[in-house]
Amino acid sequence: MISEPAPRGVPEATVGRLPGYLRALGQFGERGVTSISSEELADAAGVRSAQLRKDLSRLGSYGVRGVGYDVGQLSAQISRELGLTQDWPVVIVGLGHLGRALAGYRGFTSRGFRIVALADQDESVVGEQVEGLTVRTLSDLVASGESIAIGVITTPAEAAQAVADELVAMGVRSVLNFAPCLVTVPEGVDVRHVDLATELQILAFHEQRRALADQVVTDTPAPARTTEGVG
Ligand SMILES: NC(=O)c1ccc[n+]([C@@H]2O[C@H](COP(=O)([O-])OP(=O)(O)OC[C@H]3O[C@@H](n4cnc5c(N)ncnc54)[C@H](O)[C@@H]3O)[C@@H](O)[C@H]2O)c1
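Residues numbered from 1 in each chain as written. Predicted model: local features only at pLDDT ≥ 70, side-chain atom pairs only at ≥ 80, totals over all residues.

The following threshold applies: UniProt positions are given in the numbering used here, feature names are shortened, and annotations may be inferred rather than shown by experiment.
Identification of the protein chain as Redox-sensing transcriptional repressor Rex from Ornithinicoccus hortensis is taken from an unreviewed UniProt entry. Database annotation for the protein chain, UniProt heading Subcellular location (unreviewed entry): "Cytoplasm". Here the protein chain is described in UniProt, under the heading Subunit (unreviewed entry), as follows: "Homodimer."

## A few points about helix α3 (residues 49-58)
This is how the line gets drawn: With C-beta atoms placed from the backbone, a residue is labelled by how many other C-beta atoms lie within 10 Å of its own: buried for 20 or more, exposed for 12 or fewer, partly exposed between the two. Helical segments are the DSSP runs of H or I of at least four residues, strand segments are the runs of E of at least two, and each set is numbered from the N terminus. Read the arc as the range of directions from the helix axis to the C-beta atoms. Contacts here follow a simple rule: the backbone-placed C-beta atoms of the two residues must lie within 7 Å.
Within α3 the residues assigned to the buried category are L52, D55 and L56. The buried side chains of α3 occupy one side of the element, clustering within an arc of 95 degrees when seen end-on. Where α3 is buried, its residues touch α1 (12-30), α2 (38-45) and β3 (61-62). At the exit of α3 stands G60, carrying a positive phi of roughly 85 degrees.

## A look at the UniProt feature "binding site: NAD(+)" (unreviewed entry) in the protein chain
Those places that UniProt annotates as "binding site: NAD(+)" (unreviewed entry) correspond, in this numbering, to G94, L95, G96, H97, L98 and G99. Of note, G94 is situated in the loop between β5 (88-93) and α5 (97-103). If we ignore the near neighbours within four places in the chain, the residues touching G94 are G99, D120, I153, T154 and T155. Residue placement: L95 occurs in the loop between β5 and α5. With residues up to four places along the chain from it excluded, the contact list for L95 reads R100, L118, D120, V125, V130 and V135.

## Some words on the site of the ligand
We apply this condition: Each residue receives a C-beta atom placed from its backbone. It is near a molecule or strand if this atom lies within 6 Å of it.
Among the 26 residues in the neighbourhood of the ligand, the closest are listed as G94, G96, L98, D122 and L196. Secondary structure elements with two or more residues in the shell around the ligand: α5 and α8 (157-169). Here the element with the most residues in the shell around the ligand is α8; it accounts for four residues.

## Re unusual backbone geometry
A negative phi holds for most residues other than glycine; trans holds for most peptide bonds. Positive phi values are uncommon outside glycine, yet E131 reaches one of about 50 degrees. Along the polypeptide, E131 turns up in the loop between β7 (129-130) and β8 (133-136). Overall, the presence of 13 C-beta atoms within 10 Å leaves E131 in the partly exposed class.

## Focus on the nonpolar core
Inclusion rule: Buried Ala, Val, Leu, Ile, Met, Phe, Trp, Tyr and Cys residues whose C-beta atoms connect them within 7 Å together make up a nonpolar core.
Within the largest apolar cluster, 26 residues are counted, with the highest numbers of intra-cluster contacts made by V91, I92, V93, A119, V152 and I153. Within the residue set of this core, elements represented by two or more residues are β5, α5, β6 (113-119), α7 (138-144), β9 (150-153) and α8. The contacts of I92, once residues within four sequence positions are left out, are G99, L102, A103, I115, L118, V152 and T154. Counting 16 residues, the second-largest nonpolar core is a separate cluster that includes Y21, A45, Y69 and L74.

## Brief notes about the packing of α2 against α3
Our working rule: Axis definition: a line fitted to C-alpha atoms, limited for helices to the stretch in contact. Angles are taken between N-to-C directions and run from 0 to 180 degrees. Working definition: roughly parallel below 35 degrees, roughly antiparallel above 145 degrees, roughly perpendicular at 65 to 115 degrees, and oblique for all remaining angles. Gly is put with the polar residues, along with every residue not named as nonpolar or charged; the nonpolar set is Ala, Val, Leu, Ile, Met, Phe, Trp, Tyr, Cys and Pro, and the charged set is Asp, Glu, Lys and Arg.
At their nearest, the axes of α2 and α3 sit 8 Å apart, and the two run at 100 degrees to each other. On the basis of the axis angle, α2 is roughly perpendicular to α3. Between α2, through S38, E39, L41, A42 and A45, and α3, the contact on the second element is made entirely by S49, L52 and R53. The residue inventory of the contact of α2 with α3, partitioned by class, reads four nonpolar, two polar and two charged.

Laid out in structure tokens, this is it:
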């Protein structure tokens with residue numbers, strides 16, 4: 001595998017596909033595979049191989065003809081590019097159903113995200129031990145001066161903007177918002193919205209398209225049978 005320094009400015013769309021490549025590489029690595037062709041990796045990640053080669057070339061990675069990519073090296077390079085070689089301290093705000101499920105999710109830790117704080121405003125929740133951490137109020141957390149890189153919002157929509165503002169005020173520059181509303185943040189802060197309902201709506205759209213297409217096929221009258229040459 002040939003690796004050159006990554007050119008600056010990797011497009012967002014490429015960045016969006018890198019976690020998928022990393023996940024696929026991890027699965028190959030677990031099975032003891034040490035080198036992989038672009039076709040195999042593209043198949044596992046669900047993209048076209050030309051797309052994969054283009055994306056990886058943007059990181060300065062080119063497979064070797066007949067050998068492909070080195071699984072370990074490529075994983076390390078993508079991890080570096082995504083900034084996963086360092087630990088990112090995360091706070092979850094809103095310790096209801098979703099917040100608790102995320103707090104217990106082992107996949108964060110194994111991918112370089114350390115949940116270091118939990119916050120809620122409900123007095124019956126503050127002080128509770130969840131996954132080895134004591135739930136605090138956001139103001140207590142701000143007062144502690146702890147360094148937090150990523151804030152995860154799992155409060156009801158009505159509270160999300162105020163929580164985002166507090167997170168930004170305490171120096172958080174990346175926000176992952178699960179509440180079903182848009183939150184705005186100042187320049188220099190990134191916010192990503194996660195909404196499973198949107199994903200379901202997109203699936204419903206495609207499902208409806210397929211159902212309509214099936215209906216057209218069923219409703220189309222069969223071509224009239226020719227009687228030429230009969231009798
Ligand atoms: N993105 C998704 O796909 C998805 C999926 C499920 C739920 N959700 C959303 O996630 C959010 C949480 O859902 P849930 O079922 O866990 O709700 P929940 O009611 O069980 O929990 C919400 C928690 O937020 C706390 N809270 C409220 N205001 C707060 C504030 N200002 N500061 C700190 N904590 C505060 C509450 O005390 C409660 O513990 C909701 O907005 C819900 O719509 C999103």
